[in-house]
Structures are given as C-alpha cells and as structure tokens.
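A structural walkthrough
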Amino acid sequence: MSDIKSRVKLNNEIEMPLFGLGVYLSEEGEQCIEAVDYALNEGYRLIDTASFYANEKSVGKAVRQSSILREEVFVTTKLWNSDHGYDEALFAFEKSLKKLDIDYIDLYLVHYPVPGIRPKTWKAMERIYDEGMCKSIGVSNYMSNHLQELLSVCNVPPVVNQIELSPFSYRARKATINTCLENNIVVQNYSPLTRGRKFDDPVVQELSIKYGKTPAQILLRWGLDRGFSVIPKSSNPGRISENASIFDFRLDTEEKKALEKSDEGFLVCWDPGETE
Ligand code: NDP
C-alpha cells in the first residue's frame, strides 16, 4: 500500500510525490501560509500553485519556514495564458521564482494550451529546464491533439499532464490518458473532489458507507487507484487531514467501474477539448 509520501519516477528520472495539496483560491497571506504549513506537517510533500492563483509568495514562505528539508518538498507552479511566447515565458518564470523565493522550482507547467503560440513557449520551457532553475517541465489541460503536436516538435518531453479528472469525466478523457501512458507522461488529477459537486452520487455514497470514509476520500482513492497523481485543495485543517487519510483502503476494479458508470463528461473547470 502506498503512503502520503509515495513518489513516482518521471520520464527524466526525477521523483514526484503522487499526493499533494492544491492551493487555488487559498488566499495570499495567512490563509495560504497556514494551509501549506499544516499540510507539510501532516505529511503532504507536493504543493501545487500557479502564477494565476496569486499566492506564490505565501507558498514559498511556508516552504522556507518549514523544518522539512527543501529537497523533500516538491513545488509546482504554472505559466499563465497571457505569458505565452518565448521571451514572455522566460520573464514569467523569473517572476514566479522571485515570488516563491526558493532556489529552484520542481515542476513548471504550461497552464493551458493557448492556440498558435504553444511551440514557441515550449522552447522557452526547455531553456528554463536546461539552465537548471526548474527540475522538470510539463503541461496542463493538454488533450491528445495538443500532446501529439508538442511531442512532434520538442527536444524535452513533458513529464506531467495535469488535467481535470473524476469518475464522471474519465471516459471522456480516455484518449488523452492513453496518449500520456504511451509517452510516459504522468497524469495528474486536478479538481479531484469535483469541488464537492458529486458527493451525493449514489455510488459515492454507497462506497462511503462500505468503507467508513467520506465522499471526498472515496473520490481521492479513485484517482490514486486509477494510477493518477491527485492534488485536492483545502484551506481547512480538518479537511486537509481528512483528504490525506486515504492510505488504509483501496477500491477494487468493480468499485472503480461502478463509480464510472454515471460518467457524463462532467467537468467543474475548463474543457480544453475544443481548443485548437
Ligand atoms: P477540488 O476538487 O480539490 O475541491 C476543492 C474544494 O472542495 C474547495 O472548495 C474545498 O474547500 C473543498 N473541500 C476540500 N476538501 C474537502 C472535503 N474533505 N470535504 C468537503 N469539501 C472539501 O478543486 P480544485 O479545483 O481546487 O482542484 C484542486 C487543485 O488542482 C487546485 O487547488 C489547483 O492547485 C489545481 N487545479 C489546476 C487547474 C489547472 O488548470 N491546471 C484547474 C483547477 C485546479 P475548503 O478549502 O474550504 O476545504
């Protein structure tokens, strides 16, 4: 059985924790610092921020203040949509690094496959990677077509594709997941709790009763048991602990399939499927 600190080897041999804390809508300042600090003390080892979340300063501060060694913590941030382009991407990375105020970033992701300019942006991502200020580079919200385009031109392939996933959008994302698997790209599952919107689903409820676990814990277990990295967000200490208490049970194949039965392509965030 894996635990909260279990790591996966990326395609560049760097190891990344499978489980982490998302901080979208964690407010810059006390709220975000306390959430990250609490999570690190609970055993979380991956923190997922983005320049768009406007809380990189707080994430960096909490990481710096923590007694946990820097090399044990994995910090992800992302390049925002208005920062695409070669020079723009280099500049955006510098800004994020400065705000985080840490020696290096573990993973820098292109937040969204903005049409037209993506290949230029990726060239800058490769330069950032080659210069060593960032240990790994990857993408987010890339569907199969975006990945194929990138893989056909890149020198450094992405290590991770961070996409929205739940049992209720799994089928719709199957082609993208397969492209990732075929190319040794780790799938990272954002909005894994469906922001609470599917907690009332009857199968979620049934499994919740069977295992004595909360709906949130059932959905997170589904993600891990499908082989994804999961990054639930919470700013609440009780829920940060609750979300991490999922390493003492597993869902079997039939249970995963039962959850996926009512898959109707349900998403709470972006649908990049239509993006050219
Ligand atoms: P989640 O599915 O993680 O849900 C977060 C919401 O659920 C918050 O409102 C949180 O509130 C609440 N919550 C957390 N735990 C529980 C619980 N145990 N019981 C009940 N409610 C709970 O949604 P996110 O969209 O935030 O996704 C997670 C992370 O993924 C983000 O924070 C971000 O880091 C990343 N992400 C990336 C995107 C991308 O485009 N790359 C897009 C969206 C997200 P509270 O804080 O009060 O607990």
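These notes cover the structure that comes with them. For every chain, the first residue of its written sequence is number 1, and the numbers climb from 1 along that sequence. Reporting in this predicted model follows two pLDDT cut-offs: at least 70 for local features of residues, and 80 or more for side-chain atom pairs to be given and counted; totals over whole chains, interfaces and linings ignore these cut-offs and use all residues. Side-chain figures throughout are based on the complete set of non-hydrogen atoms in the structure, without hydrogens or water.

**Details of helix H7 (residues 202-211)**
All of the buried residues along H7 are Val203, Val204, Leu207 and Ser208. Axial view of H7: buried residues confined to an arc of 140 degrees, hence all on one face. Residues of H7 that are exposed and angled more than 90 degrees away from the buried face: Pro202, Glu206, Ile209 and Lys210. Any two residues whose heavy atoms approach within 4.5 Å are treated as being in contact. Elements are defined by DSSP. Helices are runs of H or I of four residues or more, strands are runs of E of two residues or more, and each kind is numbered from the N terminus. Where the residues of H7 are buried, they touch helix H8 (215-225) and helix H10 (253-260). Looking at where H7 begins, the residue whose side-chain oxygen comes 3.0 Å from the main-chain nitrogen of Val203 is Asp201. Just beyond H7, the residue with positive phi is Gly212, at close to 65 degrees. Buried, partly exposed and exposed residues are distinguished by accessible area as a fraction of the type maximum, computed with a 1.4 Å probe on protein chains only: under 20%, between the cut-offs, and over 50%, respectively. It is the directions from the helix axis to the C-beta atoms whose arc is reported. Identification of polar contacts relies on pairs of N or O atoms within 3.5 Å, with a donor-acceptor requirement for protein atoms, meaning one able to donate a hydrogen and the other able to accept it, and with residues adjacent in sequence counted only if both atoms are side-chain atoms.

**A word on the pairing of strand E5 (residues 74-79)**
Buried residues dominate E5, accounting for six of its six residues. Here, strands pair whenever DSSP counts at least two bridges between them. Sheet topology places strand E4 (residues 46-48) next to E5; three bridges connect them, and they run parallel. Looking at the pairing, Asp48 lines up with Thr76 of E5. Pairing analysis gives four bridges linking E5 to strand E6 (residues 105-110), with the strands arranged parallel. In the sheet register, Thr77 faces E6, and the bridge partner there is Tyr108.

**What to know about the layout of surface pockets**
When its volume is computed, the largest pocket comes out at roughly 620 Å³. Of the grid points, spaced at 1 Å and generated over the protein atoms alone, those admitting a 1.4 Å probe that cannot get out make up cavities, while open sets with protein on both sides within 12 Å along at least five of seven lines make up pockets; any residue with an atom within 4 Å of a point is treated as lining. Tyr24, Ser191, Pro192, Arg195 and Lys233 are the residues nearest the centre of the largest pocket, which is lined by 33 residues in total. A volume near 200 Å³ is recorded for the second largest pocket. Lining the second largest pocket are 18 residues, with Leu181, Ile185, Val186, Val187 and Gly227 positioned closest to its centre. Put simply, the parts of the chain that give the lining of the second largest pocket at least two residues each are strand E1 (7-9), helix H6 (174-182) and strand E9 (186-190). Tallying contributions element by element places H6 first for the lining of the second largest pocket, with five residues. Grid points are joined across faces, edges and corners, and a volume is the space filled by probe spheres set on the points.

**A look at the site of the ligand**
Summary of the distance rule: residues count as near a molecule or strand when at least one heavy atom falls within 4 Å of that molecule or strand. Residues in contact with the ligand amount to 29 residues; listed here are only the nearest, Asp48, Ser140, Lys233, Ser234 and Arg239. Take Ser140: an N or O atom from its side chain is 2.7 Å from a nitrogen atom of the ligand. Surface exposure here means Shrake-Rupley accessible area, sampled with a 1.4 Å probe, where a residue is shielded only by the protein chains that are shown. Computed on the free molecule, the ligand has an accessible area of 900 Å², of which 86% lies beneath the protein chains in the complex. Assignment to a cavity or pocket requires that more than half of a molecule's atoms be within 2 Å of the site's grid points. Of all the cavities here, the one that holds the ligand is the largest pocket.

**Quick word on the pattern of salt bridges**
Salt bridge, as used here: a side-chain nitrogen of Lys or Arg that lies within 4 Å of a carboxyl oxygen of Asp or Glu. With the rule as written, the count across this model stands at 14 salt bridges. Here Asp48 and Lys78 are joined by a salt bridge, their closest N and O atoms 2.7 Å apart. Of this pair, Asp48 sits in strand E4 while Lys78 is found in strand E5, placing the two residues 30 residues apart along the sequence. With a relative accessible area of 2%, Asp48 lands in the buried category. Judged by relative accessible area, Lys78 falls into the buried class, the value being 0%. With its nearest N and O atoms 2.8 Å apart, the salt bridge here joins Glu260 to Arg226. In this pair, Glu260 is assigned in helix H10 and Arg226 in the loop between H8 and strand E10 (229-230), connecting sequence segments 34 residues apart. Of the residues examined, Arg226 reaches a relative accessible area of 25% and is grouped as partly exposed.

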